[in-house]
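# Breakdown of the fold
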Amino acid sequence: MATKIGIGFSEHPHPETAAKDAGFLSKTQLDEDKIDFSIVLSTTHYSPQKTLPILTNILNSSKLVGASTAGIILSDTVKTRGIAVITISSSEFDFGIGSVHGLKHQDSFQAGSHLAKNTLNNFSPRGRQGFLFFADPNILNYTQFLKGIQSIFGNILPIIGAGCSDNFRFQETFQLYQNEIFNNSAVGIILGGHMSIGLGSRHGWRPLGKPRFVDESDNNVIKTIDGKKASFIYKEFFSHEADEFLSNRLSTLSLLYPLGVYVEGSQEYLLKNTSILPDGSLTSQGNVPVGSRIHVMIGNKDSCRQAAYEAALEAQKNLMDKEPKLLLIIESMTRLKLLSRNAAHEIRKIKEVFGSSTPIIGMYSNGEVSPFQTIDRFKSPLLQNESIIVTALG
Amino acid sequence: METSSNLLSLIGFCLLISASGFLTFLLISRNDQIRQLKEILTKLRKSFDDLDEQAKLIVKTDLELNKAQEELDRRLNGLDALQKVSRLISTTLDEEEMFKRINQSLVTQVGFEKTAVLIYTENRKLIGRILIGIPTEEVKRILSSFENYQPLLSTLKEGQTLSSINAPKQHREFVQNIFNVEHFVISPIITQHGILGIVFVGNSINSFPITEGDEELISILANQISQSLENVRLFEEVFLSTKNLESKIQDRTKELASALEQVQNVSRIKSEFISAVSHELRTPLTSIKGYAALLMSGKLGDIPDQVRDRLARINTHSDNLVKFINDLLDIARIESGKAEMNLTKTSLVQMIENVHDLLTPQLQNKNIQWKMEIDPLIEDIAADHNQLERVVINLVSNAIKFTPEGGTISVKAQKINDMIQIDVTDTGIGISEKDVKRLFDEFYRVDNQINQNLKGTGLGLSLAKKIVEAHNGKIKVTSQLNQGTTFSFTVPIYKEAPP
């Protein structure tokens, strides 16, 4: 036996039925009794308390992780409600899983290193090819969290991450680990064994206007830009429209015109969705250091589709001519909102690169982590928003 | 020494002058460069600022386009879902099924996190028929709050659609509070008979706000639900009423069938009775007639003239009685189905001429003009010759009886589809509308001077009707007092049996 992959999906309104349908479908497609590894992706329409017991019972998988998502990406379509189950049975691939809890209250570096250690403990001594994690987005300090992971795995191992989402409610996400349901946690997966990983990541936004510089910041809070309150950057561009920021956490402005942070050594700007705090500061996921060169960024549906295409090309190139067995897409939920009815167009662009035979599964996340080229020797894992990460497992 | 010293001083002086000139030159040159650089920097700043201004313009245009696109996308999504909902609910006539078809995925496609369709029951209590994104434990509180907040219900009853954009502050805060949403549309499900329920959709604080397009969309959805609901309920009403009517018809039909059976039984008993009595009467009558004839023949000895006269009367009355009894027997036989019509090919023209010949003396007595307007080539009829001739004789005899001297009797015949209609028209005294209705009843005699003077049984027309009907024909009469009367009856055209 080499590697077999099954994908099941259901959008049945009743959670128990949806879980049963998705589980059986995945298992039927897998066509193997033994399941080595499973991933469950579910929109928050379905209570995991109702779905997980059914899924664990059906799958009887040796290793299972899962996450809440704003939507599910399938080979032919995009669904904003439903449950997807990916089952893998393989003599080539190897997986290790782990979890860490209490992200809101724990030192982020420690949390990151705990997650990495826990996952490593569950992994057999075979070659590690990559690390994937699903985390609640309310991590105290994302930069430190990633450094904590790297403190265990080193700087070479590619790290891919997805922020779990609760369909734009920003209240409570969930993470699944074996037969347990967690909130405010992260679950990690070491991808290893005889596996190749091809990674590609893009967003498709371009800088607008003159560059501006961050004068004062505190971790993920940008306090002043060019000597003015940080929010002024949006007020300059949008005048009264910028007030929308105050009443809407993920406003249209933030989606359409994120901040782009210039990263030395990179061709792309690092994208950050921001919100305005009452004192006029801007807050984002991940740190923005003092001195950062920033721009308001602009993109459109075409540039999004093009970015998906380029990310797929990059992933294919990095796979080094190996045959892809599964495409795992982690894509920002803001892109789903932006592309709306045309969200599935990105899948078509990805299929233009990989063809139609490779199964595709993916989720819409709240924040994406992928290796980002900087002046450093190795690509560093960085958190950004509005991006698409194509991971090809071969 | 002094000279060389002076020379050196001169040289030094010259060098100093030259260096200072050079330095001055350098200084001027550097200042020029700085000035040029400043100019370039100013230009660069200006370019950056221009770039920024252009960017602001681009961004504003782009934002407007994006908002228009977003609204368009939402509208398209909404319309698509609305079209699906409309198609699904308009193709069922079952209320339960109707609401079942408005499922969660369709409603989600319209683009709202929370949806509620609340419907009034027959006893005017609100119940939740569709509840999406609303926790079950909250439903009771929502329904109760709704029913207790009359100002909002009154506004909705007027047919107004309210939203977080246009609702008065009090209403807006009420809806936001009970449904725990920021943006909402609430629209009544209303018909000409009043409010049937309410459609609510809403989004939480972090979601997209409502637009005017959403108001229109939900208003259309509510309208569609109201139409479908009205159709469903109307259908249920009609269905129940039809079922009720069918049940009543079945009961009535059973009653009528039972009554008919009773009437038929009575009629059969009556016919059997008449038949038995008639037979019993006819035998002694034959004897009476026979003995009267024997006495009148003088074979038993001469009889005085007065006795002969009385015997002649006995004979005449006996004949009348025999005819009466025969008519009764015929009616009874036809009614009981015992007297089958022997339908044969019969010449109508011949039959009418025979009747004319038979009744010519009576016609002549009253100087009545006879008109026979029948096409000699008219089709033959399928008739029991003797029985149908009795009908014609009866009708013409009646016509003679009620037509004053010098009047006219005409007989016409015409083809109507597969039947021949024969009309016997006189210029007699006519029959009142009241009498026309009962003319074919047994023993019924019109109360007029002529009938008072001439004896009759009141069975002739009744018998004629039965004979015509036994030929699968119909008989009717039209009359105007003092103008005349027309009796019309139909008989089938004779058709050769297929070889």
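This one's a predicted model, so the numbers in the text were calculated from it and none came from an experiment. (Residues numbered from 1 in each chain as written. Chains lettered and ligands numbered in written order. Predicted model: local features only at pLDDT ≥ 70, side-chain atom pairs only at ≥ 80, totals over all residues. Heavy atoms only, no water.)

Counting secondary structure elements, chain B contains 13 helices and 12 strands. Across the 499 residues that make up chain B, the buried fraction comes to 38%. Here the analysis covers contacts within chain B between residues at least 6 apart in sequence; of these, 66% occur between residues at least 24 apart. Summed over all atoms, the accessible surface of chain B reaches about 30000 Å², with 55% contributed by carbon and sulfur. (Helix = DSSP H or I, 4+ residues; strand = E, 2+ residues; numbered from the N terminus. Buried < 20%, exposed > 50% of the residue type's maximum accessible area, 1.4 Å probe, protein only. Contact = heavy atoms within 4.5 Å. Areas by Shrake-Rupley, 256 points an atom, 1.4 Å probe, with all protein chains shown as cover.)

All names here are of chain B. Strand order in this open sheet of five strands is S7-S9-S10-S12-S11, and the pairing throughout is mixed. With one partner strand each, in any of the chains shown, strand S7 (369–373) and strand S11 (475–480) form the two edges of the open sheet. On average, each strand axis in the sheet is tilted by 15° relative to the strand beside it, whichever way the strands run. Sheet strands touched by helix H9 (residues 348–365): S7, strand S9 (408–416) and strand S10 (419–426). Its angle to S7, the strand with the most contacts, is close to 180°. Seen against the sheet, helix H10 (residues 385–402) touches S7, S9, S10 and strand S12 (484–492) and runs at an angle of roughly 175° to S12. (Pairing = 2+ DSSP bridges. Axes fitted to C-alpha atoms, helices over the stretch in contact; angles between N-to-C directions.)

Let's shift gears to the packing of aromatic side chains. Under the criterion given, the structure shown has 16 aromatic pairs over all chains. Here Tyr142 of chain A and Phe145 of chain A contribute two aromatic rings whose centre-to-centre distance is 6.1 Å and whose plane-to-plane angle is 85°, an arrangement assigned as edge-to-face. With Tyr142 of chain A and Phe145 of chain A both in helix H4 (residues 142–153), this residue pair falls three residues apart, about one helical turn. When the centroid spacing of 3.6 Å and the interplanar angle of 10° are considered together, the rings of Phe179 of chain B and Phe200 of chain B count as stacked. Of the two residues, Phe179 of chain B is situated in helix H6 (residues 169–179) and Phe200 of chain B in strand S5 (residues 194–203); the sequence distance between them amounts to 21 residues. (Phe/Tyr/Trp six-rings, centres within 6.5 Å; stacked < 30°, edge-to-face > 60°.)

We now examine the nonpolar core. Counting residues in hydrophobic clusters, the biggest one holds 58 residues, and the most contacted among them are Phe238, Tyr257, Leu282, Ile350 and Phe354 of chain A. The residues contacting Ile350 of chain A, other than those within four sequence positions of it, are Ala308, Ala312, Leu327, Ile329, Ile388 and Val390 of chain A. Counting residues in each nonpolar core, the second largest holds 50 residues, with Ala332, Leu348, Val391 and Tyr444 of chain B among its members. (Core = buried A, V, L, I, M, F, W, Y, C linked by side-chain atoms within 4.5 Å.)

Okay, helix H13 (residues 460–470) of chain B next. Within H13 of chain B, the full set of buried residues consists of Leu461, Ser462, Leu463, Ala464, Lys466, Ile467 and Val468 of chain B. Within two residues after H13 of chain B, Asn472 of chain B carries a phi angle of roughly 65°, on the positive side.

Before going further, it helps to examine the side chain of Thr161 of chain B. Residues and elements named next belong to chain B. With respect to the helices and strands, Thr161 occurs in the loop between helix H5 (150–157) and strand S3 (162–163). In this structure Thr161 comes out as buried when scored by relative accessible area, which is 19%. A polar contact is formed between the side chain of Thr161 and the side chain of Ser187, at a distance of 2.9 Å. (Polar contact = N/O pair within 3.5 Å; in protein donor to acceptor, adjacent residues only side chain to side chain.)

This part takes up a nonpolar patch on the surface. A cluster of nonpolar residues, Leu7, Leu10, Ile11 and Leu15 of chain B, forms a patch on the protein surface that exposes about 390 Å² of accessible area. Its place among the elements puts Leu15 of chain B in helix H1 (residues 2–90). (Patch = residues over 30% accessible without salt bridge, like charges linked within 9 Å, V, L, I, M, F, W, Y side chains within 5 Å. Salt bridge = Lys/Arg side-chain N within 4 Å of Asp/Glu carboxyl O.)

It is a general feature of regular strands that their side chains alternate between the two faces of the sheet. Residue and element names in this part refer to chain A. Of all eight residues making up strand S1 (residues 3–10), seven are buried, and the element is well covered by its neighbours. With eight bridges connecting them, S1 and strand S6 (residues 83–90) associate as antiparallel partners. Of the residues in S6, the one forming a bridge with Gly6 is Thr87.

Now for the layout of surface pockets. Residues and elements named next belong to chain B. The space that makes up the second largest pocket amounts to roughly 1200 Å³. Along the wall of the second largest pocket there are 45 residues; nearest its centre are Asn394, Asn398, Lys401, Gly456 and Thr457. For the lining of the second largest pocket, the element with the highest residue contribution is H10, accounting for 11 residues. Considering only residue class, the lining of the second largest pocket consists of 21 nonpolar, 16 polar and eight charged. (1 Å grid on protein atoms, 1.4 Å probe; cavity = no way out; pocket = protein on both sides within 12 Å on 5 of 7 lines; lining within 4 Å. Points joined across faces, edges and corners; volume = space filled by probe spheres on them. Nonpolar A, V, L, I, M, F, W, Y, C, P; charged D, E, K, R; others polar.)

Our focus in this paragraph is the sheet that holds strand S7 (residues 93–101) of chain A. All names here are of chain A. Spatial ordering of the open sheet is given by S7-S12-S8-S9-S24-S25, a layout of six strands whose pairing is mixed. Unpaired on one side and paired on the other, S7 and strand S25 (380–384) mark the two borders of the sheet. Within this sheet the neighbouring strands show an average axis-to-axis angle of 20°, counted without direction. Direction of pairing for strand S8 (residues 128–135) relative to strand S12 (residues 185–193): antiparallel, over a ladder of seven bridges. Counterpart to Arg128 in the pairing with S12 is Gly192. Running at roughly 140° to S7, helix H3 (residues 108–121) makes contact with S7, S8 and S12 of the sheet. Against the sheet, H4 contacts S8, strand S9 (159–163), S12, strand S24 (368–372) and S25, and its axis sits at roughly 150° relative to S8.

Here we take up the environment of Leu82 of chain B. Along the polypeptide, Leu82 of chain B turns up in helix H1. Contacts of Leu82 of chain B, omitting those with residues within four sequence positions, involve Leu217, Ile220 and Leu221 of chain B.

The residue Asn219 of chain A is not glycine, and still its phi comes out positive at about 55°. Look at Arg124 of chain B: it is not a glycine, yet its phi comes out positive at around 60°.

With that settled, consider the side chain of Ser99 of chain A. Residue and element names in this part refer to chain A. Note on placement: Ser99 falls in strand S7. Engagement of the side chain of Ser99 in a polar contact is seen with the side chain of His101, the distance being 3.4 Å. Those residues in contact with Ser99 that sit more than four places away from it in its chain are Leu115, Asn118, Tyr177, Phe182, Ala186 and Val187.

Turning next to the pattern of salt bridges. Under the counting rule described, the total for this entry stands at 39 salt bridges over all chains. A salt bridge links Arg35 of chain B to Glu39 of chain B; the shortest N-O distance between them is 3.0 Å. Taken together, the residues Arg35 of chain B and Glu39 of chain B, both in helix H1 and four residues apart, mark about one turn of the helix. Since its relative accessible area comes to 42%, Arg35 of chain B is described here as partly exposed. What makes Glu39 of chain B partly exposed here is its relative accessible area of 40%. For Arg310 of chain B, the salt bridge goes to Asp309 of chain B, with nearest N and O atoms at 3.0 Å. Under the relative-accessibility criterion, Asp309 of chain B is labelled partly exposed at 34%. Here the salt bridges share partners, and the residues they tie into one network are Arg202, Glu310, Glu314 and Lys379 of chain A.

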